[in-house]
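Next come the chains, spelled out residue by residue.
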Amino acid sequence: MPGSDRQTKDGLRFDWQADLALITDAAREAGKVAMAHFGQSPEVWWKNEGRSPVSAADYAANKILEEILRHARPNYGWLSEETDDDPARLSCETLFVIDPIDGTRAFLAGKDTWCVSVAVVHKGKPVAGILVAPSLGEEFTAAADGPARRNGQDITVSTAGIEGSLKMASAQDMVASFSPVLRPRIERVEHIPSLAYRLALVADGRIDATLVKKSSHDWDLAAADLILTRAGGSITDLDGQALVYNREDVTHPVLCAASSELLPALLKNITRIPRS
């Protein structure tokens, strides 16, 4: 596809469409591995001082992703929720950013709303991304300069404006941060446990916007960020700044995602959350 690669100063070329094909195949394989554990009560451990579950399914999906992707692109860095962080990634211009199962709590509860999230990040920006939600039969994909797609069909964000009603995925306390003028027009949707999948729903217009609590991570966001962007949307901090990936600190502040037209108006109406 024209525009799918990048010319660098040293003459190397990057074919993001080829990378998208690679991560798509890998994410599908990881989805199959995860599905083999789904509903089978896999063994569970607790991390982050007992706040976050991780299961045998997460580790198995991570293993197959690592085997496929690191073999295919040994020069790429690696950042995964389920792999000990290696600071060597910081010296890599290009790396894989992985969440083998985004929405582990939902997965363990037998709910369908979880996905495998895989992105290629180049110089701090995602350039190829896929979300595979095997229990839902959905795949979302995008590459730099290409369309965002769900199951092979192009998708776009909703056309909702600030003056009308808005379907928003957000905790009640986050909705309360909006101005009194906007708040009554917000229709909260049912909780969506996977952040990556929630952003995908903004990308294909099923919901209009979402607020994301602080401390989300690169692996929650990178693939979905690109898919949302290529669908005509944006995710930023509350100052309207785009996300930068592969920093030493891979956590992010409070974020807001919506169509690129709606987002600035939403940010102006957030009155009760301190800016960075």
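The coordinates are above.
Here the residue numbering is sequential within each chain, running from 1 through the sequence in written order. The predicted origin of the model limits local features to residues at a pLDDT of at least 70 and limits the giving and counting of side-chain atom pairs to 80 or more, whereas totals for whole chains, interfaces and linings rest on all residues. The side-chain quantities take in all heavy atoms of the structure and omit both hydrogens and water.

### A word on the layout of surface pockets
Thinking step 1. Any residue with an atom within 4 Å of a point lines the site, the site being either a cavity, points on a 1 Å grid over the protein atoms alone where a 1.4 Å probe fits but cannot get out, or a pocket, an open set with protein on both sides within 12 Å along at least 5 of 7 lines. Grid points are joined across faces, edges and corners, and a volume is the space filled by probe spheres set on the points. The volume enclosed by the largest pocket comes to roughly 1200 Å³.
Thinking step 2. In terms of lining residues, the largest pocket is bounded by 40 residues, among which Ser-52, Pro-193, Leu-195, Ser-215 and Asp-220 are the most central.
Thinking step 3. Strands are runs of DSSP state E lasting at least two residues, helices are runs of H or I lasting at least four, and both sets are numbered from the N terminus onward. The set of elements that each furnish at least two residues to the lining of the largest pocket consists of strand S4 (52-55), strand S6 (94-102), helix H3 (104-108), helix H5 (195-203), strand S14 (209-212), strand S15 (216-217) and helix H6 (218-230).
Thinking step 4. The residue makeup of the lining of the largest pocket, split by class, is 14 nonpolar, eleven polar and 15 charged.
Thinking step 5. Here the second largest pocket is characterised by a volume of approximately 380 Å³.
Thinking step 6. Lining the second largest pocket are 19 residues, and of these Lys-125, Pro-126, Asp-225, Leu-226 and Thr-229 lie nearest its centre.
Thinking step 7. Sorting the residues of the lining of the second largest pocket by element identifies strand S8 (125-133), H6 and strand S16 (233-237) as the ones contributing at least two each.
Thinking step 8. Residues are sorted three ways: Asp, Glu, Lys and Arg are charged, Ala, Val, Leu, Ile, Met, Phe, Trp, Tyr, Cys and Pro are nonpolar, and all the rest, Gly among them, are polar. Looking at side-chain class alone, the lining of the second largest pocket contains eight nonpolar, six polar and five charged residues.

### Focus: the sheet that holds strand S18 (residues 255-259)
Thinking step 1. For two strands to count as paired, DSSP must find a minimum of two bridges between them. If you trace the five strands from one edge of the open sheet to the other, you get S13-S12-S14-S18-S16, paired in mixed fashion. Taken across any chain shown, the strands that pair with only one partner, and hence form the sheet edges, are strand S13 (186-188) and S16. Ignoring which end each strand starts from, the neighbouring axes of this sheet average 25° apart.
Thinking step 2. Here five bridges tie S16 to S18, and the two strands are oriented antiparallel to one another. Across the sheet, Ser-234 pairs through a bridge with Ala-258, a residue of S18.
Thinking step 3. Contacts: residue pairs with any heavy atoms within 4.5 Å of one another. Orientation is described by axes fitted as lines to C-alpha atoms, over the contacting stretch for helices, and by angles from 0 to 180 degrees between their N-to-C directions. In the packing of H5 onto the sheet, the strands contacted are strand S12 (166-169), S14, S16 and S18, and the crossing angle to S14 comes to about 150°.
Thinking step 4. Where H6 meets the sheet, it contacts S16 and S18, and its direction lies at approximately 135° from that of S16.

### With respect to the nonpolar core
Thinking step 1. Definition of nonpolar core: a set of buried residues of the types Ala, Val, Leu, Ile, Met, Phe, Trp, Tyr and Cys, connected through side-chain atoms within 4.5 Å. Accessibility here uses a 1.4 Å probe with only protein chains present; expressed as a share of the type maximum, an area under 20% marks a residue as buried, one over 50% as exposed, and anything in between as partly exposed. If you look at the biggest cluster of nonpolar residues, it comprises 41 residues, and the most contacted ones within it are Val-97, Leu-131, Leu-221, Ile-227 and Ile-235.
Thinking step 2. Secondary structure elements with two or more residues in this core: S6, strand S7 (115-122), S8, strand S9 (138-143), H5, H6 and S18.
Thinking step 3. Not counting residues up to four positions away in its chain, the partners in contact with Ile-235 are Leu-199, Leu-221, Asp-225, Leu-228, Ala-242, Leu-243, Leu-255, Cys-256 and Ala-257.
Thinking step 4. Residues Ala-27, Leu-69, Ile-98 and Val-127 belong to the second largest nonpolar core, which totals 24 residues.

### Describing unusual backbone geometry
Thinking step 1. A positive phi is found at Lys-123, a non-glycine position, where the angle reads about 50°.
Thinking step 2. Looking at the secondary structure, you find Lys-123 in the loop between S7 and S8.
Thinking step 3. What makes Lys-123 exposed here is its relative accessible area of 57%.

### Examining the packing of aromatic side chains
Thinking step 1. Working definition: rings of Phe, Tyr and Trp (its six-membered ring) pair if their centres are within 6.5 Å, and the pair is stacked with planes under 30 degrees apart, edge-to-face with planes over 60 apart, and tilted otherwise. Going through the model one piece at a time under the given rule, you end up with eight aromatic pairs.
Thinking step 2. Between the aromatic rings of Phe-14 and Trp-16, the centroid separation amounts to 5.1 Å while the plane-to-plane angle is 15°, which identifies the pairing as stacked.
Thinking step 3. Under the relative-accessibility criterion, Phe-14 is labelled buried at 12%.
Thinking step 4. You can call Trp-16 buried: its relative accessible area is 0%.
Thinking step 5. Between Phe-107 and Trp-114, the ring centres sit 4.8 Å apart and the planes meet at 85°, which makes this aromatic pair edge-to-face. As far as burial versus exposure is concerned, Phe-107 and Trp-114 are alike and both buried.
Thinking step 6. Joined through ring pairs, the aromatic side chains of Phe-38, Phe-107 and Trp-114 make up one cluster.

### Thoughts on the state of the cysteines
Thinking step 1. Disulfides are defined as pairs of cysteine sulfur atoms found within 2.5 Å of each other. Applying the stated rule across the entire model yields zero disulfides.
Thinking step 2. With no disulfide partner, Cys-115 has as its closest neighbouring cysteine sulfur the one in Cys-256, 20 Å distant.
Thinking step 3. With relative accessibility at 1%, the residue Cys-115 sits in the buried group.
Thinking step 4. The exposure class of Cys-256 is buried, given its relative accessible area of 0%.

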